[in-house]
Every structure is written in C-alpha cells, then in structure tokens.
Amino acid sequence: MTPEQIRSTLRTNLDTVENRLRSALDRCGRRRDEITLVAVTKTVAVDVAALLPELGVCDLGESRPQELWRKAAAIPSVRWHLVGHLQRNKAAATLPIASLIHSGDSERLLRTLDEEADRTRLSPRVLLEFNVSREPNKSGFAPEEADSLVELLRQLRHLQIMGLMGMAALEEDPERTRPAFAHLRQLRDSLREQLEELHPLCELSMGMSHDFEVAVEEGATLVRIGTALFEGVD
Ligand SMILES: *Cc1c(COP(=O)(O)O)cnc(C)c1O
C-alpha cells in the first residue's frame, strides 16, 4: 500500500469508529470529550502508527513494554499507554515513557512501581487491572480482592491510581459483555469511596473494537481500539 492509501484507509476506519462512538454516547447522554480513544498499535508498523496524530489521534497504546519503548522513541509527540502486562524488571524503563499504565495487575508490581517512582521523583499514573471476565488466561486482580487492596493503596504515596481497567470475554453478541463492564464500574466506585481523596480513581479503561459501545454506555472513559482502526492496512 502507498502511504496515501494507508492514510485514506485509516481515515475511513476512524470515521466509522467515531460514528459508532457518537451513537453510543447519544444513547446514554454523554459527551465526546468524556472519552479518550486509545489507538492500540500492536499490529501495525511504526510508520503506520506515525500517521495517527495528523488524524487527531494523539493517544497510542502498546501491549508489550519493549514495543512501547521502540514506538515511543520513534513517535515522541503523543501520549503513550501501556495496555498489556508489565514485568517488574521492565518497570524502571517504562515509567518515564508511559503517560498511563493500564495494567497494574499485582501487589508486587504496584509496590515496585511506587518504589521506582519514589527513586526518580515521578508520579506515574496507573490503573488497577481487574479480571472481571474471570478468564484464567487473563491477568488482573480478582473482584473479591478489591476491598483488601484498600490498605495497600493507602500506602502507595507516589503512584496516582487513576482508575480501573478490565476486559470482557469475547462474545458474539456484545450485549453479553455488559455485566462485566458494569461490575468494573461498581468496583471503581467502591474503591473511590473507601479511598476518599487519596487517589483520583476517575477513569475506566474498558471496551475494545467489538464491544466498546457497551463499555461506553457503562461508563468507560478510555476505550482501547486496535482492529477497527487498522483493518485493511497491511
Ligand atoms: C490488542 C488490545 C486491545 C485492542 O483490541 P482490538 O480488539 O483489536 O480493538 C485492547 N486492549 C488490550 C489490552 C489489547 O491487548
């Protein structure tokens, strides 16, 4: 594909995603500026990802830390999101690059991030990942662990816990993802209440290409979209 063909395919895909997003927002009376579209670029090359800012997409995500480092070095002008698992030995190199880490998925990782933040005088923004679909192959805290996390979260003085992240199981009918997204929102509300002003807990990162409309109706503030943006781009 020529760069012009890639650009035109991206523009068409983005229009389709924006139209789907706006319909979902209309259905629940929310505004477009309440949602951040994170383009998950894991399936495309750096030169394709680099076309996104000129289309107005300035939040880019990667699921693997090394790929995040590589693409962020090539495209420094956007906000980078880590949406996949972070190994503790990669925490130090990731903190200065990621504007939001969606995958705070264990107590050990959160403690490591907090220590690293203390050492480097950073205040990284992190989401707690919950396995609300209860699939054994997914990472994240179990929903029952939420209350026992409160004490840990009180001790994390350098991290800003911005909210929660979760995934629904892949369903043929996206409507069936609704209970998982509603559950994530309840967990966020409950943690926010228990932690008072210690952490912002305002964000909900939920919804991907096939189910983001339902997630938006259930309160998503960040949607993570890959396939729907990049289909037809080689
Ligand atoms: C790949 C990925 C996405 C994007 O998924 P699509 O179905 O391609 O939109 C979102 N979140 C995470 C954590 C991912 O790994």
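So, how was this worked out
- Residues numbered from 1 in each chain as written.
- Predicted model: local features only at pLDDT ≥ 70, side-chain atom pairs only at ≥ 80, totals over all residues.
- Heavy atoms only, no water.
- Helix = DSSP H or I, 4+ residues; strand = E, 2+ residues; numbered from the N terminus.
- Rg over C-alpha atoms; globule rule 2.2 N^0.38 Å.
- Buried < 20%, exposed > 50% of the residue type's maximum accessible area, 1.4 Å probe, protein only.
- Contact = heavy atoms within 4.5 Å.
- Axes fitted to C-alpha atoms, helices over the stretch in contact; angles between N-to-C directions.
- Parallel < 35°, antiparallel > 145°, perpendicular 65-115°, else oblique.
- Left-handed = near helix turned anticlockwise from the far one by under 90°.
- Nonpolar A, V, L, I, M, F, W, Y, C, P; charged D, E, K, R; others polar.
- Near = heavy atom within 4 Å.
- Polar contact = N/O pair within 3.5 Å; in protein donor to acceptor, adjacent residues only side chain to side chain.
- Areas by Shrake-Rupley, 256 points an atom, 1.4 Å probe, with all protein chains shown as cover.
- 1 Å grid on protein atoms, 1.4 Å probe; cavity = no way out; pocket = protein on both sides within 12 Å on 5 of 7 lines; lining within 4 Å.
- Points joined across faces, edges and corners; volume = space filled by probe spheres on them.

Enquirer: A description of the overall build of the protein should follow, citing residues and the corresponding values.
Expert: Looking only at helices and strands, the protein features 9 helices and 8 strands. The C-alpha radius of gyration computed for the protein amounts to 17 Å, which stays within 12% of the reference 17 Å derived for 234 residues, consistent with globular compactness. Viewed in the frame of its principal axes, the protein has a C-alpha envelope of about 50 × 40 × 30 Å. For the protein, the proportion of its 234 residues judged to be buried stands at 53%. The long-range share in the protein, meaning contacts at least 24 apart out of those at least 6 apart in sequence, stands at 60%.

Enquirer: Explain the packing of helix 6 (residues 146–155) against helix 7 (residues 178–195) to me, and be specific about the residues and the numbers.
Expert: As a packed pair, helix 6 and helix 7 sit with axes 10 Å apart at the nearest point and diverge in direction by 45°. What the angle tells us is that helix 6 and helix 7 run oblique. For the crossing formed where helix 6 meets helix 7, the hand is right-handed. On helix 7, the residues that touch A146, D147, V150, L153 and R154 of helix 6 are L187, S190, L191, Q194 and L195. Residue classes in the contact of helix 6 with helix 7 are distributed as 6 nonpolar, 2 polar and 2 charged.

Enquirer: Describe the site of the ligand, with residues and values.
Expert: Taken together, V40, K42, S63, V83, M167, M208, S209, R224, I225, G226 and T227 are the residues near the ligand. The separation between an oxygen atom of the ligand and a polar side-chain atom of S209 is 2.5 Å. At 2.8 Å, a backbone N or O of G226 approaches an oxygen atom of the ligand. Contact with the protein chains hides 87% of the accessible area of the ligand, taken as 390 Å² for the molecule alone. Residue composition of the shell around the ligand, grouped by class: 5 nonpolar, 4 polar and 2 charged.

Enquirer: Account for the side chain of R30, naming residues and giving values.
Expert: Along the chain, R30 falls in the loop between helix 1 (3–28) and strand 1 (36–40). For R30, the side chain forms a polar contact with the main-chain oxygen of V216, separated by 2.9 Å. Not counting chain neighbours up to four residues away, the residues in contact with R30 comprise L25, I35, V216, G219, A220 and T221.

Enquirer: So what's going on with the layout of surface pockets? Residues and values would help.
Expert: Rolled over the atoms, a probe as big as a water molecule pinpoints where empty space is left. Here the largest pocket defines a volume of roughly 380 Å³. Of the residues assigned to the lining of the largest pocket, the class counts are 6 nonpolar, 10 polar and 4 charged.

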